[in-house]
Amino acid sequence: MKSAQQVEGAARRAANSQTLDRLARLGLACRGVLYGLIGFLALQIAFGGGSGGKEADKTGAVEMVAEQPFGTVLLWLMVVGFVALTLWQLSEAIIGRGEAKKRIEAAAHTVVYGLIVATLLSLLLRGDAGSSTDKSSKDLTAKVMDLPGGQFIVGLVGLGLIALGAYWVHKGWKKKFLEDLRTGEMPPKARELAEKLGMAGYLSRGVIAAVAGVFVIQAAITYDPDKAKGVDSTLRALADTPAGPWLLGVVAIGLLLFAAYCFFQARWHRL
């Protein structure tokens, strides 16, 4: 019991750290950079016929950063920012805000940010950003399918992704994301702009998650891991719908708008 209290006490001290607060805000800005680059790559796929050989996911975005002047410096700054985000979300998962849902969200974010840190360090230390989300999705799906009841588990994951997509759409449409911002401190025009950017961004993220979930369910039904798709293939699949590249273009613009919203988060998010 004592050790659990010590862990919670350490988490509270970390959460109240001014240094962690500032670095986590840097991380939120870095998150905006990644979303902006993914949106840019997706827009190229929709209307430019390609993305310069890069996939429209976190791996492709990180590789783009590395190619810029002072790219290595920028990547190390992103490492610092995303490590801070990981620690912040870990502290939220441990102490929470009194709601189980908040703790679960924080735990999920801890894993996501931790994976981004791993991708960044892999590129910096080994010169390789690691597997794309498409390859990782297929490999993980294949491994899970080999487990007892694996096909059922994969199907549940697909349903979970669809539920996550629906949650993000709901969060965007009902503007629930504003609860995470210190709206009382925001100038009226900034609040209004953040509201529009966040709404468009969450709707786009919701569409991507839901479509990815459909592909995972297809993989489970057909017992074919290759049908599972990461972010890049999911985005490309949108261009193959009857709406053509225009649907992908709308979603890509939504990701760019969400990237801009992340900078509002960096300034006014409740930490």
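Above this text you will find the structure in question.
Computed from a predicted model, the values in this text were never measured in an experiment. Just so you know, the residues in each chain are numbered from 1, in the order the chain's sequence is written. Given that the model is predicted, a residue must reach a pLDDT of at least 70 before its local features are reported, and side-chain atom pairs must reach 80 or more before they are shown or counted; all residues, however, enter totals for whole chains, interfaces and linings. Computation of side-chain values covers all heavy atoms of the structure but excludes hydrogens and water.

Things to note about the overall build of the protein chain
Numbering goes from the N terminus for both helices and strands, where a helix is a DSSP run of H or I of at least four residues and a strand is a run of E of at least two. When helices and strands are counted, the protein chain shows 10 helices and 0 strands. From first element to last, N terminus to C terminus, the protein chain shows the α and β order α-α-α-α-α-α-α-α-α-α. For the C-alpha atoms alone, the extent of the protein chain along its principal axes is close to 50 × 45 × 40 Å. Taken over 271 residues, the protein chain has a buried fraction of 44%. In the protein chain, of all internal contacts separated by at least 6 residues, the share reaching a separation of at least 24 is 75%. For every accessible area listed, the method is Shrake-Rupley and the probe measures 1.4 Å; residues are considered covered only by the protein chains on display. Here the protein chain has roughly 13700 Å² of accessible surface; of this, 65% comes from carbon and sulfur atoms. Put simply, the protein chain has 30 plus and 22 minus side-chain charges, and the middle of one group is 8 Å from the middle of the other. Each residue is assigned to one of three classes by its accessible area relative to the maximum for its type, calculated with a 1.4 Å probe on protein chains only: buried under 20%, partly exposed between the two thresholds, exposed over 50%. Here, two residues are considered to be in contact whenever any of their heavy atoms come within 4.5 Å of each other. The charged-residue count follows a simple rule in which Lys and Arg add positive charge and Asp and Glu add negative charge, with His and chain termini not counted at all. For the purpose of locating charges, the reference atoms are NZ of Lys, CZ of Arg, CG of Asp and CD of Glu.

Comments concerning a nonpolar patch on the surface
Distance thresholds for patches are 9 Å for like charges and 5 Å for nonpolar side chains (Val, Leu, Ile, Met, Phe, Trp, Tyr), applied to residues having over 30% relative accessible area and no salt bridge. Think of a salt bridge as a Lys or Arg side-chain nitrogen and an Asp or Glu carboxyl oxygen that are within 4 Å of each other. The grouping of L147, F152, I153, L156, V157 and L159 at the surface amounts to a nonpolar patch, some 570 Å² of accessible area in total. Tracing the chain through its elements places L147 in the loop between α6 (133–145) and α7 (150–173).

Re the state of the cysteines
Any two cysteine sulfur atoms within 2.5 Å of one another count as a disulfide. What the rule picks out here adds up to 0 disulfides. In this structure C30 is a free cysteine whose sulfur lies 11 Å from that of C262, the closest cysteine sulfur available. Classification of C30 by relative accessible area gives buried; the value is 7%.

Notes on unusual backbone geometry
Even without being glycine, F70 reaches a positive phi, approximately 60 degrees. Looking at where F70 falls in the secondary structure, it is placed in the loop between α3 (58–66) and α4 (71–95). Non-glycine residue Y223 carries a positive phi angle of around 55 degrees. Under the relative-accessibility criterion, Y223 is labelled partly exposed at 44%.

Looking at the environment of Q44
With respect to the helices and strands, the residue Q44 is situated in helix α2 (residues 18–48). Note: C-alpha distance between Q44 and A190 (146 residues apart in sequence) is 29 Å.

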